[in-house]
Structure formats: structure tokens, C-alpha cells
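Survey of secondary and tertiary structure
One letter stands for each residue in the lines below.
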Amino acid sequence: MAGYRWFAAASLVILTAGAATGGRAQGASNGVACGSGQPVSVNLLWPTQPNTLDPNYDTLVMFAQISRNMFNGLFKLDDSMTLQPDLAVSYSQPDALTYEIELRKDVVFHDGSPFTSADVVATFDRIVKDQKLASKQRSYVSNIKSVTPKGDHAVNFVLKQPDSSFLKSLATIIYITPRSVIDKVGNVEFGKKPVGTGPFKLDSWTMGDSVVLTANCDYHGDKPIPSKVEFRFIAEPATQISSLQSGEIDIATQVTSDLTAALKSSRDVAVQSIDGNQTFWLSMNTKEGPFADPRVRQALNYAIDRTAIARQLLGGFATPVGQVYSKSVFGYTKAVSPYPFDPDKAKALLREAGYDSSRPLKIEFYNFRAELNPVQQSIASFLSDVGIKVTTRFDPNYFVDTWQSGKMGRGQVIIRSNNNLLMDADFALGLELDGTRRGMYFSSPETDAAIAKARGESDRNARQAAYDALNKTLYNLAPVTFLYSTDGIYGVSTRVDWKPRPDGAIYLANVTKRR
Amino acid sequence: MRSRFINRLAFSVLVMLGVSAITFLLMFLAGDPAALLASEDATAAEVEAIRKAYGFDRPIVVQYLDWLWHAVQGDLGVSYQSRRPALELILHALPNTLLLIACALALSVSTGVIVGVLAATFRGSRFDRLVITGSVFVQSLPSFWLGIVMILIFSATLRLLPTSGFRGPSYLILPAVTLATFQVGTFARMVRSSMLEVLDSDFVRTARAKGASAGSIVFGHALPNAALPIITVVGLELGGLYGGAVVTETVFGWPGVNTLALSAITSRDMPVIQAFVLVVGILVVITNLVIDMLYTILDPRTRGAR
């Protein structure tokens, strides 16, 4: 218990210091009048359009870009992916399950109503209990046992299981919404005309075209620089690039490696890329059938030339990995390299497991996203080269209907990816490999215990050490076929001063733009 | 005439009922709707709660009748994504699509008629041959390619026109031209052959013999008679325009009903997809009904026929 108290005191000091430096880091806007900058336009390239601006419905990375410029979480990740207070001032942790969070007292929503602990409680209540809203963020708060107000400007969170990534979920997924407004207008109306606490407020939303936000000069933090920011929804990649070149937009998102050549030839725009948080792997049914044998799973890992895929197919904008998250994510183990490309070893392992040319291993290889077809084909050919009989299939429903409901058949494989929203190892592990949580295919009592222990470890270094050990174990068990993590690629007008972040978040309050 | 109209109307209602049944069944082709609504890592209990909340646990027939009962009252369900009425979303985006289609149609019909009439009048000339080859050429251009090339030329390079979206009349030019291009060829060839047929007929020869001017022969006598097949083709081509608008809207980021539908398909937002299919189905049925009636009014010969 004494340990916790010491930690709580330390974390308070760190957070207060963080708040001070965070303020200074943002102080780039000091001396710049609110909203005096040029308007900035960002295109959110995505096959779908946002249908609601409610920040607590979806978990889609793309449309959270709008939410994070209009709303605040209790915490936030700064540019170096370190936790900083946002609507919170500080926190303490009297025990492993309890978080006492002090809130800012100087915050008002865009409609002028003050931000209080009642809004925090109502935000979490709505995500958990509102069946009609059916918030997709529900699973990210399922470890919360209770949220209770302590006066107007403090709340207590009590968790079910110890979770050191908990505060990161308050920093990346959950945004605080005003109770008074939602009580009055309801979810649907709120989704049309959201009211937040953030540096920008809603100006207009033209369905299918754009969302325009204007500077909120009552913002409690550093005043936003751009007078307006605009989010466009151009879904066609080639049109997006033309819009960037013609100066209609300033930042193009989700740029694919094949289109970077077109951007490099242009003087007015630059390609910016950064190690991202999206990691790809092959998930498989390890409970029964051929993949129950770890030698077969290792053989798949040795059979694939990830470096060739990253260089040739993905234009070098990808990095081979031997883990289920990228190096920008907390918990990444530098000492665990990707599996080497060793087809002979793959063949030997398959022989050991009882497969040869007279009795080849047969697998069904599923893909549910058309853009991954080239990668799927390439992996299938590497697997065929070591004597595996591969049937490739494309089925857009496979992920939801089969994989997600835990109904994968024997010998079935799917290529999938995970956007590590929390920038934390536990996020990917909980979704794929933890038998006590969602992990519905591979799990073992030993790895489950190791994941829980690392999750509950409050000391940062001890936690990293726990993941280092776990990653070594997982590498050898090969619960999935590790592939690569991809870079975030953006096309950016040379007139704007903006840098991408590893978590893919786009904050626009500090962006300056030359005429 | 009235009985013919009533017959056609009754038939249209039957078609719409068929469309509604297919539309409803779409929901079950895309997998478990409750699982679609839940988040990526929802537990089985969470999925069950959603299934109950949305009534997916009832028998399919009951769900269909319930859906149809609400549909005839204008309630096509609520978008899974936005929780807004699906019909409201579709009707909000529909005017943009209709505007685009109307402009493209006006552009392609007027261009097609002028070019076709000229080609027929100067039959066998170099211009005529150019029209014949040209109309095949423009019909062979894929519209996504044409759209991107036009954006590259007029927006990215010349910076004359905006690339995408809809914030004023100038935004309409590139998508309307792209969408119209395919149809121009069809109309030009149609008008040309129809005009040639009429120009060869007896009454035109009589008019010529009476000493009528070339202009009055072409525009006063021949064109009105050649117009009937054009109207039929417009009716047929409208279906093509609705379809062609899907690609055009995507390339130009046009905030129309097709962009919305494509987005709904990708996120498997079933109520919106259903509303889209139903509304467009009804539109096509109504358009054909109107064309049919128009035909009867314009051509007295068809009035007796059933």
C-alpha cells in the first residue's frame, strides 16, 4: 500500500510538471491572436462518410480526427506519446484499482455551460448503458467498475482488473460530452450539432462533403491559430492527390506508397511519413487442426520474406516485425527481431510436423480487404514455395461473421491488422492473444497470466521488462504469423507547418499556414 | 387511355413490392446485423443485447411485414451509423444527384441532337464520319478514367475548376460533363439514324417538292417525327445515368445519394442501403411510367395499343 501512495505522489508531481511543460510546448501560439491564422483543410480519405459527429460512438481512427479537435479527453498523448493531463489536472492511485482524478475548474463547453464531474460520469454512463447508441467504445470501458463524482471537480474510477493502460484509453478514445446538452436534445441531434470543450467548435456540416470548425476563442488552453479548419471527405485517392496539388486541401491522409511518386514531382507539396501504429499479421485457428502444432506456425513465419514485401510491394513504407505492435508502441521489444526468411528451415519444420510432398499441409487463406490482395497473393506464393497447398479466398464478410465470432475452421488463416489506438502493448494483446478477454484462438494459461501481470504492473520499467519477456515467449510460440507494421503516409502542402504523429492523430490548433 | 394508365400503375406497384422484398432480404446477405452493429471486440452478451434492442431476434417474416408496414408510412428504419432516419439521409442527398443527372442529361441530349441532326443533314460528309467514329470513341471512355484526366487537366494543371465537392455552380461542370460524355455518343447516333429514316420518308419528299426551306424541313418536319425514338432512349438511358453517377460521384466527391450509398455499403449500414435501393427503384419505375405516358401523348398511333 505504501508503494502505491509513493507512486501516487510521484505521478502527481510528474503530471503537474507535464502540465507546465505541455503548456510551454504549446506556447508556440503565444503572441498569436486567436483565430488569426489561415484556414487549414484536411482530407480524411476513407471509403465511408461520417454519419454522426458524436465523439463517443465509433472507434474509427479517421473520424476521431474531427472529435479530437472539437473535444477533450481527461488526458491526452503529447507528440512523443507521453501521457499528459487534458481536462484532468492530476491523478492519484490509492490502490491498484482506484484512480482519483482532479478536474480543471476553468473549462466551459462551446455553449457556455461549465464542465464538471457530472459530465464525466454521464459520458461513461452513456457509453456503457445506452443500448440504442450501441457505442462501439463500450468494450474499451468494460474494465471500469464504477465512476463516481467527488464534488464538482473530481471523479473516482474503480476498475475490475488492474490495468496500467487505463489512463491511455482516457487519452485516446473517450471524449467528454456535455450532459446538459445531450439530456436536452438526445443522441441523434447531438450527433448533428455536437458541443465540446475543444479548441474548435462546429461551424457547419455538409453531409458527404465537409465539416467546418471555427476557432473557439474561449478555449481554456492555448488559443487556436487557424481561423477555421475544414475536414473534407474525398474518397477517391487520385482525386485527393489532385486536390492537394491544386491547393484545395493542405493535408492528404492515408496516402498509399504508389501515389507518393506523383507527390514527389510536385514543388508545392511534400510527402511526410512516420512509423505508424498499424501492424499486420496472419491470424489462425490454433485450437485445433494443423495450427495447433507450434512447429507449423513457426514454419509459416520462416517461409515469408517480409523484407521483400515491405520493400517491393509497400514501397519501403513498412517495417517487418516479430510482434503484434510496432516500435512506436509502448511495450515493443527491441531485442525481438522479425523471423528471418528461411524457406529451408520452414520445410524442415513442416517435415518434422509430418507434412511432405505426398501429404502436403493444406490451408485456406482469407482476405477481407481488397487493397490487401497483392500482399495476400505474395504471401500465398511464399507459402507455396515451401510446399504448402494454399487456397486464397476473398470474402468481405469473413472478418465479422467468422473470425470475430470465433468460428474459424481448421487450417484457416486470415490476414488482418490492428491500429494500436492506445499506443500500448496491452491493446493488441487483449484483442488477439488474451484468453481471458477477446483472444478466442491462441491462448495459454502461462501467456494469459503474463499478459495480466504486465497489464497490472504500475512501474513503467518493470512493465517494459514484463513485455520483453512475454514477447520472447510469444515469438517462439508463434501464435500468429508476424508480418509488418506500416508507416503513416501524408501529402502535405509546403505552406503548412504540420508534422505527423505515430498514433496518426491530427491536431490542428497549433498549425500555421503561409498565404 | 385511362385504363392503360391504371394498368401501368398497378404493374408499377407490383414491381415496387418485388423491389421491397429483395431490398429487405439484402439485410440477411451481409451477415449477422447485430454483430455488424457491435464493436470489433464485443462479447457475445453485448451482441445479444444489441440483437434484442433492434428486434433482430424475431422471425424473418415478422421482421419483413413490420419493415414493410413502416416503409409504406415513410419509415425505412434508422441508420446503424448515425441513428438518423435512413429515408431522411437519402432524401437529403437525392437532390444533388438529381441535379447532376438533370444537367448531364440536358447536356448530352442537346449536344447529341445538334450533332446528330447535323450529321444526318450532311450525310456521308467528313463531319458525318467524324460523328460516327467520335460517338463510339466517347462511349468507350471509362468514366472514372475520364474524370481523373479532366481533374488533372482542368483542376490540378490549369487550376480553372475545383476538383471535388459541391459549393457552387462551377463544381457542377466537370462531373456533369464526365457523366454526359458516355450518353452523348448514344444520343448522337440515335438522332442521326432516326433523322435519316425520317428524311427519306414521303412527307419530307413532299415538303421538299413544295419548296419548303432546308431549315423548316429539318426542324419543322423531320425533327419532331424523329423525336419519338429519342424519348424512348432517354428513358432507357436514365437507368444508365443513375448507374454512371455512382462512379462520377465517387471520383468528384459529389455529395449525392450514390456517395452516401457507397459509404453505407462499405460500413454495411443496412437501413441506408435498403432505403437507397428502394428510392432509386421507385424513381426508375416512375421515370419509365412517365416516359410511357409521354409517348402515348406525343404519338397518337400508340393510344389504341395496349
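All figures in this text were calculated on a predicted structure; none of them were measured in a lab. (Residues numbered from 1 in each chain as written. Chains lettered and ligands numbered in written order. Predicted model: local features only at pLDDT ≥ 70, side-chain atom pairs only at ≥ 80, totals over all residues. Heavy atoms only, no water.)

Remarks on the interface of chain B and chain A
The partner chain A presents 43 residues to the 49 residues of chain B that form the contact. Taken together, both faces of the contact between chain B and chain A bury some 3,800 Å²; the carbon and sulfur share is 49%. The tally of links from chain B across to chain A stands at 4 salt bridges. Remark: the boundary between chain B and chain A carries 11 residue pairs in polar contact (both at pLDDT 80 or more). Secondary structure elements with two or more residues in the side of chain B that touches chain A: α2 (33-37), α3 (44-53), α5 (86-121), α7 (143-157), α10 (214-251) and α11 (257-266) of chain B. (Contact = heavy atoms within 4.5 Å. Buried area = accessible area lost by both parts, 1.4 Å probe. Salt bridge = Lys/Arg side-chain N within 4 Å of Asp/Glu carboxyl O. Polar contact = N/O pair within 3.5 Å; in protein donor to acceptor, adjacent residues only side chain to side chain. Helix = DSSP H or I, 4+ residues; strand = E, 2+ residues; numbered from the N terminus.)

Here we look at the UniProt feature "transmembrane region" (unreviewed entry) in chain B
Residue and element names in this part refer to chain B. According to UniProt, the "transmembrane region" (unreviewed entry) feature falls on residues 9-30, 98-122, 143-161, 173-191, 212-236 and 272-298. A helix fraction of 79% and a strand fraction of 0% characterise residues 143-161, whose end C-alpha atoms lie 18 Å from each other. Here residues 272-298 runs as 100% helix and 0% strand, with 38 Å between its end C-alpha atoms. (UniProt positions renumbered as here; feature names shortened; annotations may be inferred.)

What about the state of the cysteines?
Residues and elements named next belong to chain A. Counted under the stated rule, the structure contains 1 disulfide over all chains. At a sulfur-sulfur separation of 2.0 Å, the disulfide partner of Cys34 is Cys217. Between Cys34 and Cys217 the disulfide shows an S-S torsion of about -90°. By sign, it is left-handed. One end of the pair, Cys34, is in the loop between α1 (2-26) and β1 (40-43); the other, Cys217, is in the loop between β9 (210-215) and β10 (228-232), and 183 residues separate them in sequence. Overall, Cys217 belongs to the partly exposed group, its relative accessible area being 38%. (Disulfide = S-S within 2.5 Å. Buried < 20%, exposed > 50% of the residue type's maximum accessible area, 1.4 Å probe, protein only.)

Considering the packing of aromatic side chains
Applying the stated criterion across every chain, the model contains 25 aromatic pairs over all chains. Here a set of aromatic residues connected by ring pairs shows up, and it is made of Phe75(A), Tyr91(A), Tyr99(A), Phe124(A), Phe157(A) and Phe166(A). (Phe/Tyr/Trp six-rings, centres within 6.5 Å; stacked < 30°, edge-to-face > 60°.)

A closer look at the nonpolar core
Leu74(A), Ile101(A), Phe124(A), Phe157(A), Ile379(A), Leu429(A) and Leu508(A) are the most contacted members of the largest nonpolar core, which totals 192 residues. Ranked by residue count, the leading element in this core is α5(B), at 13 residues. Contacts of Phe124(A), omitting those with residues within four sequence positions, involve Val141(A), Ile144(A), Val147(A), Phe157(A), Leu170(A), Ile174(A) and Ile176(A). Grouped together as the second largest cluster of nonpolar side chains are 12 residues, Val400(A), Trp403(A), Ile414(A) and Ala35(B) included. (Core = buried A, V, L, I, M, F, W, Y, C linked by side-chain atoms within 4.5 Å.)

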